[in-house]
Protein chains: 2
Amino acid sequence: MGGDYAPENIIAGALEAARNFNIRPYLVGVSDEIERVLRRHPTRGLDIEIIHAEDVVSMDDHALVALRRKKKSSIRIAADLLKQGDVHGVLSAGHTGAAMATVKVVVGSHDGVERPGLATVLPTLKGLLVIIDVGANIDCKPLHIQQFGIMGHIFAREVLGIEHPRAGLLSIGEEASKGNEQTREAFALLQETPINFSGNLDAKDVYDGDVDVVVCDGFLGNVALKISESLADSLLVIIKEHLSDTFLSRVGMLLSRAAYKKIKKKIDWSEYGGAFLLGIRGICVICHGRSSPNAVKNAIRMAVEFRQHNVNELIQEEILSIQKLKKKNGVGV
Amino acid sequence: MGGDYAPENIIAGALEAARNFNIRPYLVGVSDEIERVLRRHPTRGLDIEIIHAEDVVSMDDHALVALRRKKKSSIRIAADLLKQGDVHGVLSAGHTGAAMATVKVVVGSHDGVERPGLATVLPTLKGLLVIIDVGANIDCKPLHIQQFGIMGHIFAREVLGIEHPRAGLLSIGEEASKGNEQTREAFALLQETPINFSGNLDAKDVYDGDVDVVVCDGFLGNVALKISESLADSLLVIIKEHLSDTFLSRVGMLLSRAAYKKIKKKIDWSEYGGAFLLGIRGICVICHGRSSPNAVKNAIRMAVEFRQHNVNELIQEEILSIQKLKKKNGVGV
């Protein structure tokens, strides 16, 4: 029920995913509205469950208030289905904070995971990268950042199919000595992990694509993600304005329209599936509020990969094995 | 002597500025090289000083080592000229850390300024904004951020000519409760200042242009600036690639070439003058390493405005007046 085009785009994307990836969508929300939208789509041969939810979390609700008070909200009921094992994953395009808090509390974290982290996928010159944490945690400790690195590594390898993902710590220079107090400590902890850690990643190199996993605290990651979104949106406006300036440039724009559509699609954040909350006992995808049906379908495709590659089992194993290593070496966790 | 195209572009920009803004450039560096470049330019009627400097700070030098050991470097000699009152300002396109550290130590900060902050100008949909600090200070206290707000406000008003600049604290949501520990404290301190503080600025709104002064700690500001630069550079590459895809799009690109040049210029970071180190007893501008002669000229134009509007005197007054206010109210500084 959440997002700018809900429930239309969510349902359309879920139906597309059902057709293509052999999944069984549970549509959780105000059932009248869901049925109204479903009537406009061909659904023959699809196995769809409609689960009624009375409440809707609005964007103005506080995340924790939503969690505690709105026990019949669509996100809460979806989280309950996940907890009970009726579904493998939950997808929402609504209130990010409420969705994360609700799913995290209802299904719980893996053993040893201090803080689940939100990972999202971004386009670079060479392909895609994963950035984690983009906002699940505001004040992070170095240990949390170490765990984000491990979880991001597994996600990039299993879901994006990058064989040996290189991970970098988002910072302001490449040398180990660069960065603030928090990143310098996180740097040392990341070096202790078995992931392919290439050190500090200067922010000026993020979109070059030489690093596959960008690790950072949730405050920095959220600002990095959102300022990128702000810039990309503004550039599209500027490009359009300038290209409508003169007659020649307008003709030029018409001729290159197909190329523009591709550029716009490449830049459009909402097309890149969704953000995955890593470290919890289940799959939770948060889509952009503006998500198109195609973006929702892509997010579900990634969730299917996530499940097929046993990402959660791999995360659980790796986190426990690092902790064992530390105990063996006499370092407290 | 610093920067990717030094001393050529620096000298060319300085000569242009001398012609246009009635300034007298002191060209500090290896004099043979300076004279070699000068021979290629018309300099009749211009009043130019050449000051020889034996050493050059390279990009590999550590900022503090450069400061302590290279006493005959071009940046050190330029800072000495500033200290002695021979010049009003210093401009460098070289090693940012070394330039900031050298000028700060040689000329000193204003009374009451805890940490000078680096302010730079960025284009938005509605004009220009000032963002401070973009990297002078890595681990900042809330008080430093308060002072950045005051200095950025004065810079935007006097140098950019924005009558009532609105200032926002870079964060991850608009409400006062949003942000991390540091930004929540800085929020309260910014509210105590007489500047037009509009609260938290969600990073997704930075380039909309509704805020004229973006205030943040130097680590966050540096990442925000550099990731924007990385994205803009990558987008230009993507746009060019896609527009060369097909015959039609190539023709389209040719027709809209003039518009493209404008877009590229608007996006090109190096065109926006330079970054000003605010809070020191003098003017210090750091230009992008890739600066064109035009960018250098623009930076000098801003430095002239800075001087004509007595920005340093205004900063000194405002910082002292806030401190008096605090003492009066019984709050320790």
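See the structure printed just above.
A. Structural detail: the interface of chain B and chain A. Opposite the 51 residues of chain B that make contact, chain A presents 51 residues. Summed over both sides, the interface between chain B and chain A buries roughly 4600 Å², with carbon and sulfur atoms accounting for 78% of that surface. Among the residues chain B hides against chain A, the three largest losses belong to Ile172, Phe219 and Ile227 of chain B. Together they make up 14% of the total. The interface formed by chain B and chain A includes two salt bridges.

B. Examining the sheet that holds strand S4 (residues 117–123) of chain A more closely. Residues and elements named next belong to chain A. Strand order across the open sheet formed by eight strands is S3-S10-S9-S4-S5-S8-S6-S7, with mixed pairing between neighbours. Two strands lie at the open edges of the sheet, namely strand S3 (89–92) and strand S7 (196–202), each paired on one side alone. Adjacent strand axes in the sheet meet at a mean angle of 25 degrees when their direction is disregarded. Of the pairings in the sheet, the one linking S4 to strand S5 (residues 128–132) comprises five bridges and is antiparallel in character. Its bridge partner being in S5, threonine 120 is matched across the sheet by isoleucine 131. Sitting on the sheet, helix H5 (residues 96–107) touches S3, S4, strand S9 (274–278) and strand S10 (283–287), and the angle it makes with S10 is about 175 degrees.

C. Representation of the pattern of salt bridges in the model. Evaluated as defined, the whole model comprises 30 salt bridges over all chains. The residue aspartate 212 of chain B makes a salt bridge to arginine 166 of chain B at a minimum N-O spacing of 3.1 Å. In this pair, aspartate 212 of chain B is assigned in the loop between strand S7 (196–202) and strand S8 (213–215) and arginine 166 of chain B in strand S6 (residues 166–171), connecting sequence segments 46 residues apart. Classification of arginine 166 of chain B by relative accessible area gives partly exposed; the value is 33%. Salt bridges sharing common partners tie together Glu8, Glu33 and Arg36 of chain A.

D. Broad picture of the nonpolar core. With 109 residues, the main nonpolar core has Val103 and Leu170 of chain A together with Val103 and Leu170 of chain B as its most contacted residues. Of the residues forming this core, the biggest block, 13 residues, is contributed by helix H8 (residues 218–243) of chain A. Residues in contact with leucine 170 of chain A, not counting those within four places in the same chain, are Thr183, Leu201, Ala203, Val206, Val214, Val215, Cys216, Leu220 and Ala224 of chain A together with Phe219 and Val223 of chain B. Counting 52 residues, the second largest nonpolar core, distinct from the first, contains Leu46, Val113, Ile145 and Cys287 of chain A.

E. Spatial organisation of the sheet that holds strand S9 (residues 274–278) of chain B. Residue and element names in this part refer to chain B. Strands sit in the order S3-S10-S9-S4-S5-S8-S6-S7 across an open sheet of eight strands; the sheet is mixed. Either end of the sheet is taken by a strand with one partner, and the two such strands are strand S3 (89–92) and S7. Ignoring strand direction, the axes of neighbouring strands in this sheet form an average angle of 25 degrees. Of the strand pairs in this sheet, S9 and strand S10 (residues 283–287) are connected by three bridges, and their pairing is antiparallel. In the sheet register, glycine 274 faces S10, and the bridge partner there is cysteine 287. Helix H6 (residues 142–158) contacts strand S4 (117–123), strand S5 (128–132), S6, S7, S8 and S9 of the sheet and is inclined by roughly 165 degrees relative to S8. In the packing of helix H7 (residues 181–191) onto the sheet, contacts are made with S6, S7 and S8, and the angle to S6 comes to roughly 170 degrees.

Thresholds applied
- Residues numbered from 1 in each chain as written.
- Chains lettered and ligands numbered in written order.
- Predicted model: local features only at pLDDT ≥ 70, side-chain atom pairs only at ≥ 80, totals over all residues.
- Heavy atoms only, no water.
- Contact = heavy atoms within 4.5 Å.
- Buried area = accessible area lost by both parts, 1.4 Å probe.
- Salt bridge = Lys/Arg side-chain N within 4 Å of Asp/Glu carboxyl O.
- Pairing = 2+ DSSP bridges.
- Helix = DSSP H or I, 4+ residues; strand = E, 2+ residues; numbered from the N terminus.
- Axes fitted to C-alpha atoms, helices over the stretch in contact; angles between N-to-C directions.
- Buried < 20%, exposed > 50% of the residue type's maximum accessible area, 1.4 Å probe, protein only.
- Core = buried A, V, L, I, M, F, W, Y, C linked by side-chain atoms within 4.5 Å.

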